[in-house]
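# Coordinate inspection notes
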Amino acid sequence: MHILLCGDVVGRAGRDAVKQYLPGLKRDLAIDVAIVNAENAAHGFGLNERLAGELYEAGADILSTGNHVWDQRELIAYIERDPRILRPANFPPGTPGAGHHLFPLGDGRGVLVVNLMGRLFMEPLDDPFAALEAILAQFPLGTGATAIIVDFHAEATSEKMAFAHFADGRVSAVIGTHTHVPTADAQILPGGTAFMSDAGMCADYDSVIGMEKQVSVRRFVTKMPSEKKPKPAEGEATLCGVFVDIDDRTGLARRIEPVRVGGRLSPHIPLL
Ligand SMILES: [Fe+2]
Ligand SMILES: [Fe+2]
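Overview of the structure. Computed from a prediction, not measured in an experiment: that's the story for all the values here.

Taken together, Asp 8 (OD), Glu 39 (OE), Asn 40 (OD1) and His 180 (NE2) make up the protein donors of the iron ion (ligand 1), found 2.1 to 2.2 Å from the metal. Classification of the site at the iron ion (ligand 1) as irregular follows from its 4 donor atoms and the range of 89 to 170° in their angles at the metal. Separating the iron ion (ligand 1) and the iron ion (ligand 2) is a distance of 3.4 Å, and Glu 39 donates to both of them. Here Glu 39, found in the loop between β2 (33-37) and α2 (49-58), pairs with His 180, found in the loop between β7 (173-177) and β8 (187-188); they are 141 residues apart in sequence, far enough to count as distant. Comparing Glu 39 with His 180, the two get one shared label, buried.

Every buried residue of α2 is accounted for by Leu 51, Ala 52, Leu 55, Tyr 56 and Ala 58. In a view along the axis of α2, the buried residues occupy a sector of 160°, so they form one face of it. In α2, those exposed residues whose orientation departs by more than 90 degrees from the buried face are Arg 50 and Glu 57. Considering only its buried residues, α2 is in contact with α1 (11-28) and β3 (62-64). Phi turns positive one or two residues past the end of α2, at Gly 59, with a value near 120°.

Two elements in contact, α1 and α2, have axes whose closest approach is 8 Å; the angle formed by their N-to-C orientations is 20°. Taken together, α1 and α2 sit at an angle that is classed as roughly parallel. Across the interface between the two elements, Arg 15, Val 18, Lys 19, Leu 22 and Pro 23 of α1 pack against Leu 51, Glu 54, Leu 55 and Ala 58 of α2. The residue inventory of the contact of α1 with α2, partitioned by class, reads 6 nonpolar, no polar and 3 charged.

Take the coordination of the iron ion (ligand 2) next. Bound to the iron ion (ligand 2) are the protein donor atoms Glu 39 (OE), Asn 67 (OD1), His 153 (NE2) and His 178 (ND1), situated 2.1 to 2.2 Å from the metal. With 4 donor atoms in place around the iron ion (ligand 2) and angles of 86 to 148° between them, the coordination shape is irregular. Residue classification places Asn 67 among the partly exposed residues on the basis of a relative accessible area of 22%. What makes His 153 buried here is its relative accessible area of 0%.

Scoring rules and cut-offs
- Residues numbered from 1 in each chain as written.
- Chains lettered and ligands numbered in written order.
- Predicted model: local features only at pLDDT ≥ 70, side-chain atom pairs only at ≥ 80, totals over all residues.
- Heavy atoms only, no water.
- Donors = N, O, S within 2.8 Å, 3.2 Å for Na, K, Ca; no water.
- Tetrahedral: all angles 85-135°; square planar, octahedral: opposite > 155°, others 65-115°.
- Helix = DSSP H or I, 4+ residues; strand = E, 2+ residues; numbered from the N terminus.
- Buried < 20%, exposed > 50% of the residue type's maximum accessible area, 1.4 Å probe, protein only.
- Arc of directions from axis to C-beta.
- Contact = heavy atoms within 4.5 Å.
- Axes fitted to C-alpha atoms, helices over the stretch in contact; angles between N-to-C directions.
- Parallel < 35°, antiparallel > 145°, perpendicular 65-115°, else oblique.
- Nonpolar A, V, L, I, M, F, W, Y, C, P; charged D, E, K, R; others polar.

Structure follows, in structure tokens:
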């Protein structure tokens, strides 16, 4: 089974990159499931029904999120009607929406996509390790789901690596999002779980994590709040993501590679 996870889509530039490159990547890499982290799709802040529709049209099957999930208030009502949009599973009980979704491929196989958020240098949340444990009790790899992909939305690489080792051998892949910078540590852990600390973003990299660089630099230099609301950078975006090939018999990974297309970053497209 071939999975593609695209990192945080930031604003129009990021959405345009997904529309431009995702259909070709799905075809060329024979992708069975495309997961897109859409927490910054709406002008850098959150997601709404219309933009979710645009991302589905481009080929996204599941939309994951993170700390920006509620920035567009309309999503609070909409998420209950659309199980393809995930919010972190370790939000408190009673939060609208769900943190995992079993996506049926239509041929008997199913991919469980799990969205979790780290707690280091982030808002306090329920324990993501315990949250994964509870989900795996319900959907053990192999019987409950053919493959299990975790979007671990977190700031600290230490927490991401610790989480991946915790999950090693029990899920197909742990892929980090949230820092908006792709890391060079794609690997298959000893137990067979594919891991990469951060997928990077789908956005203009002539920016500060996808947002206009002047405003952001000024904020660091002056320590003053900016007069203007930060806006996404609008130059040509790079689609950044991660490709994972999973053995259907074991649910474990055979291969993981970064994906980078377009814009300013050095390109990397896996060859089948
Ligand atoms: Fe983000
Ligand atoms: Fe985030």
